[in-house]
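Architecture at a glance
The lines below spell out each chain.
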Protein chains: 2
Amino acid sequence: MGVLLFEEFELLDVTGPIEMFGCLPDQINLAFIAEQKGLVTSSQSLAVMAMYDFASAPKLDFLFVPGGKGTRTEVNNSPLLSWINTQALQVELILSVCTGAALLAKAGLLDHHKATSNKLAFDWVKSQGPNTQWIRKARWVDDGKIITSSGVAAGIDMSLYVIARLYGESKRDEVIRQTEYMFNEDPEKDFFA
Amino acid sequence: MGVLLFEEFELLDVTGPIEMFGCLPDQINLAFIAEQKGLVTSSQSLAVMAMYDFASAPKLDFLFVPGGKGTRTEVNNSPLLSWINTQALQVELILSVCTGAALLAKAGLLDHHKATSNKLAFDWVKSQGPNTQWIRKARWVDDGKIITSSGVAAGIDMSLYVIARLYGESKRDEVIRQTEYMFNEDPEKDFFA
C-alpha cells in the first residue's frame, strides 16, 4: 500500500488507517511516498519520513490518499495529480480520507463515481469534482475500485471495512481487539452529516 | 505538552491524542521528545521526528507517555525512567495510553494510585506496578494528576475527556466536529475488558 504524503496532511487521516493496516504485516507492506523523499510535516506539527519519492516508489497494489489543509495547495500540483492518475491505472484499490477526495476528484478519478468527504469542507471538495455523485451522509462510500471516507476518524472505520472486505471479518475483529477501537460499522450512520 | 517517543512506540497511541490536542494550537504547544533527537520509528513502521532530546526539552506543563512494543525494552531504560520521574515532579498533568502505564508504574509514579492499561497486555503491565490499584474495566482512569487510558484508540477518548476537563465541553465538541471522531464518553463502558 502506497501512502501519499504532502506538507500539511492531516495527521490522523494517515495514522488512523496505517495503525489498522499495520496490524496485518503478513498481508500489507506500507510505503510512505511524497513528491520529494524526506521529512513531511503534518498539520499537527509532527514531521514524518517519506521513504520514497514518486520516481523511486515500488509498484503498488493499493493507493492511499489522505486529506488535510495541504490539499488546498495540492489540488493545483500537476506532478502530484498526474502521479495519482498513473497509479490509479495500475492499482487494485484506491482509498481516500477527508479532503483526500478533492485530490482524487481533481485528478479526474471520481467523474461519474460515488464519493464522500468530510463535512466541514464538503462544498469545497464538491467544487473539485462537478461530475461526481457526492454523498454527504456517509461514513464512507464503496464505489468498487475507489473507497472514499468522511473526515479524519471516519478513515479508521473505512479501513476496518476494507480489511473485512479484503481478508474477512475475523481478521478485522483481531485488529479491533488489538487497537481497542470502537468500530462504527454502519456507513450510513453518519452523525456529522 | 511533552510527547515522549521511543523506538517501537505504538503509532496511534501518539497520533490519536496528538490529533485532538493539535486542534487547540492556542491552548497547547506540542514538543516531541526522545532520549536522542532525530527519527524514531513506530511499530507501524512510520518514522517520526523527535525535535528534542531529554537535555534540550522545554519546560513542560503536561507529560504524555505512549505505549507499544517498545515499552518492553524501555521499562529497563534507567535514563528514560528517571527523566519521566523528574518531569513528573514539575508538570501539572501526566497522561498515558496503553502500555505507557508500565513506564509510569516502573518509574514509581503509580504506587498507591488508580490506573488502567490495555487489555491484551494487562497482566504484564500489572507486574510493573505491584502497588498500583489496577482497574481492568475502564476506557480511562482519572486519578487527579495522572490519567491513564486503555489500549491504543482509548487514548483518543481520554484526550477528549482531558480537553473537556481543561477547557470545557464546548471546546471538546469543536474538536469532535473537526475530527469526526465518535467519542465514547463513558469511561466505565469498556467493551474490551
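Above: the structure in question.
Residues numbered from 1 in each chain as written. Chains lettered and ligands numbered in written order. Predicted model: local features only at pLDDT ≥ 70, side-chain atom pairs only at ≥ 80, totals over all residues. Heavy atoms only, no water.

Here we look at the sheet that holds strand β9 (residues 140–142) of chain A
Residues and elements named next belong to chain A. Here we have six strands laid out as an open sheet, ordered β2-β1-β5-β6-β10-β9, and mixed in their pairing. Across the chains shown, the open sheet's two edge strands, defined by having one partner strand only, are β2 (31–33) and β9. Across the sheet, the axes of successive neighbouring strands diverge by a mean angle of 15°, strand direction being ignored. Here three bridges tie strand β1 (residues 2–4) to β2, and the two strands are oriented parallel to one another. Looking at β2, one finds that Gly 2 is bridged to Ala 31. (Pairing = 2+ DSSP bridges. Helix = DSSP H or I, 4+ residues; strand = E, 2+ residues; numbered from the N terminus. Axes fitted to C-alpha atoms, helices over the stretch in contact; angles between N-to-C directions.)

Notes on the sheet that holds strand β9 (residues 140–142) of chain B
Residue and element names in this part refer to chain B. Spatially, β2-β1-β5-β6-β10-β9 is the arrangement adopted by the six strands of the open sheet, whose pairing is mixed. In this open sheet, the two edge strands, each paired with only one partner strand, are β2 (31–33) and β9. The mean inter-strand angle of the sheet, taken between neighbouring strand axes irrespective of direction, is 15°.

Some details on the pattern of salt bridges
A complete count under the given rule lists 14 salt bridges over all chains for this structure. Between Lys119(A) and Asp190(A) there is a salt bridge, with the nearest N and O atoms lying 2.8 Å from each other. Of this pair, Lys119(A) sits in the loop between β7 (114–115) and α5 (122–128) while Asp190(A) sits in the segment after α7 (169–179); the two residues are 71 residues apart in sequence, bridging distant segments of the chain. Overall, Asp190(A) belongs to the buried group, its relative accessible area being 3%. Note that Asp173(B) is salt-bridged to Arg172(B), the shortest N-O span being 3.1 Å. (Salt bridge = Lys/Arg side-chain N within 4 Å of Asp/Glu carboxyl O. Buried < 20%, exposed > 50% of the residue type's maximum accessible area, 1.4 Å probe, protein only.)

Focus: the packing of helix α6 (residues 154–167) of chain B against helix α7 (residues 169–179) of chain B
Residue and element names in this part refer to chain B. Contact geometry of α6 with α7 gives a least axis separation of 7 Å together with a crossing angle of 145°. Note on element contacts: α7 touches α6 through Glu 169, Lys 171, Arg 172, Val 175 and Ile 176, opposite Leu 160, Ile 163, Ala 164 and Tyr 167. Residues that form the contact of α6 with α7 fall into these classes: six nonpolar, no polar and three charged. (Contact = heavy atoms within 4.5 Å. Nonpolar A, V, L, I, M, F, W, Y, C, P; charged D, E, K, R; others polar.)

Overview of the relation of the copies chain B and chain A
Taken as rigid bodies, chain B and chain A are interconverted by a rotation of 180° and an axial shift of 0.0 Å, the fit giving an RMSD of 0.0 Å. Here the symmetry operator amounts to a two-fold rotation axis. Relative to the rotation axis, the C-alpha of Val48(B) is the closest in chain B, positioned 2.1 Å from it. Interface overlap between copies is the fraction of interface residues in one copy that are interface residues in the other; for chain B against chain A it reaches 100%, indicating a shared surface. (Least-squares fit on C-alpha atoms with pLDDT ≥ 70 in both.)

Let's talk about the interface of chain B and chain A
With 37 residues of chain B at the interface, the matching set in chain A holds 37 residues. Together, the buried faces of chain B and chain A total about 3,200 Å²; carbon and sulfur atoms form 68% of this surface. Among the residues chain B hides against chain A, the three largest losses belong to Glu19(B), Glu180(B) and Phe192(B). Together they make up 22% of the total. At the surface where chain B touches chain A, the tally comes to zero salt bridges. Connecting chain B to chain A are 15 residue pairs in polar contact (both at pLDDT 80 or more). Partitioned by chemical class, the residues of the side of chain B that touches chain A number 20 nonpolar, 11 polar and six charged. (Buried area = accessible area lost by both parts, 1.4 Å probe. Polar contact = N/O pair within 3.5 Å; in protein donor to acceptor, adjacent residues only side chain to side chain.)

A look at the pairing of strand β5 (residues 62–65) of chain B
Residue and element names in this part refer to chain B. Covered by surrounding structure in β5 are Phe 62 and Phe 64 together with Leu 63 and Val 65, the residues of both alternating faces. By the bridge criterion, two bridges tie strand β1 (residues 2–4) to β5 in an arrangement that is parallel. Across the sheet, the residue bridging to Gly 2 is Leu 63, located in β5. Taken together, the four bridges between β5 and strand β6 (residues 93–97) define a ladder with parallel strand orientation. Its bridge partner being in β6, Phe 62 is matched across the sheet by Leu 93.

Details of helix α3 (residues 78–90) of chain A
Residues and elements named next belong to chain A. Between its first and last C-alpha, α3 extends 19 Å over 13 residues, near the 18 Å set by a 1.5 Å rise per residue. Along α3, the residues classified as buried are Leu 80, Leu 81, Trp 83, Ile 84, Gln 87 and Ala 88. Buried residues of α3, seen end-on, are gathered within an arc of 160° and therefore sit on one face of the element. Among the exposed residues of α3, those pointing more than 90 degrees away from its buried face are Ser 78 and Leu 89. (Expected span 1.5 Å × (residues − 1). Arc of directions from axis to C-beta.)

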